[in-house]
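# Structure at a glance
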Amino acid sequence: VCALEAESPGCEVVTAENGEQGIAVYLERRHEEPPQFDLILMDIQMPVLTGDLAVKQLRTLERQHGWPQTCILARSANTADADQDYYRRCGMDGCIPKCGNVAKQVLDALLIKRQRPDAFVRADRLPDH
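Keep in mind that this is a model prediction, so the values were computed, not measured. Here the residue index of a chain counts from 1 through its sequence in written order. Selection of residues for local features in this predicted model requires a pLDDT of at least 70, selection of side-chain atom pairs for listing and counting requires 80 or more, and totals for whole chains, interfaces and linings are taken over all residues. Think of the side-chain values as coming from all heavy atoms in the structure, minus any hydrogens and water.

## Some words on the pairing of strand 2 (residues 71–76)
Put simply, the rule is: For every residue, the accessible area obtained with a 1.4 Å probe (protein chains only) is divided by the maximum for its type, and the residue is called buried under 20%, exposed over 50%, and partly exposed between those limits. Under the DSSP-based scheme used, a helix requires at least four consecutive residues in state H or I and a strand at least two consecutive residues in state E, with every element numbered from the N terminus. What makes two strands pair is DSSP finding at least two bridges between them. With the strands aimed away from the viewer, a crossover counts as right-handed if its path from the first strand over the helix to the second runs clockwise.
The buried count for strand 2 comes to six of six residues, which makes it a mostly enclosed element. Of the two faces of strand 2, both are covered, the one formed by Cys71, Leu73 and Arg75 as well as the one formed by Ile72, Ala74 and Ser76. Two strands pair when backbone bridges link them, and strand 1 (residues 39–43) and strand 2 are joined in this way by five bridges, in the parallel orientation. Paired with Met42 across the two strands is Ala74, which belongs to strand 2. Remark: the strand 1/helix 3 (residues 51–65)/strand 2 crossover connection has right-handed handedness. Pairing analysis gives four bridges linking strand 2 to strand 3 (residues 94–97), with the strands arranged parallel. Paired with Leu73 across the two strands is Gly94, which belongs to strand 3. Handedness of the crossover is the feature at issue here: the chain leaves strand 2, passes through helix 4 (residues 81–90), returns alongside strand 3, and the resulting connection is right-handed.

As C-alpha cells, then:
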C-alpha cells in the first residue's frame, strides 16, 4: 500500500488493521457525497474478520441499501485458480498478487475493468505476471 501511495499522486490511501475496521471506515465514508471509495484492495488474511468475509458483508450492505458496487480487488499470495474462483464467488472484482509493483498491478486491473466491467481480473492474466 505504501508503494501505491508513493507512486500514485492524487490518491488517498486509507488503511484498516482488519476487516471489521475496514467495514467501519467504508460505512463512515459511504455517507459522504460523493461516496469516497473508488477502489478497495482487500487483504484476504486479516485478523478479526478476514477479507473474504468482509467482502461478503460489504456486498450485502450495497445490495440492502441500493448502493453502487465498489470495485474490490483481493490482494493475496494465494492466486491459484481455485483461490481466484473463490474470491470471485465472494463478490470480489479481481485479484492481484502480493508480489510485484502494486501500483502497476492496480492500474492494469482498473484498465481491464474499464474495458470489460463484468470481467473478473485474474492475477495470472495481468501483464508481467
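## Brief notes about the confidence of the model for the chain
A low pLDDT score tells you not to read the predicted coordinates there in detail. The condition that has to hold: You can read pLDDT as the predictor saying how much it trusts each residue, on a scale of 0 to 100. Contacts are residue-level and defined by heavy atoms, with any inter-residue pair within 4.5 Å sufficient.
When the pLDDT values of the chain are averaged, the result is 84; 88% of them are 70 or greater. With pLDDT under 50 throughout, residues 1–6 is counted as low confidence; its partners more than four residues away or in other chains account for 11 contacts.

## What about the packing of helix 2 (residues 19–30) against helix 3?
The cut-off we apply is this: For helices, the axis comes from a line fit to the C-alpha atoms of the stretch in contact; other axes are also lines fit to C-alpha atoms, and the angle between any two N-to-C directions lies between 0 and 180 degrees. Throughout, the term roughly parallel applies to angles under 35 degrees, roughly antiparallel to angles over 145, roughly perpendicular to angles from 65 to 115, and oblique to all others. Handedness of a crossing is defined here by the sense of rotation of the near helix relative to the far one, left-handed for an anticlockwise turn of less than a right angle and right-handed for a clockwise turn.
At a minimum axis distance of 9 Å, the contact between helix 2 and helix 3 shows a crossing angle of 25°. In terms of their interaxial angle, helix 2 and helix 3 are classed as roughly parallel. At the point where helix 2 passes helix 3, the crossing takes the right-handed sense. When helix 2 is examined against helix 3, the residues Gly19, Ile23, Tyr26 and Leu27 are found in contact with a partner set consisting of Ala54, Gln57, Leu58, Leu61 and Glu62.

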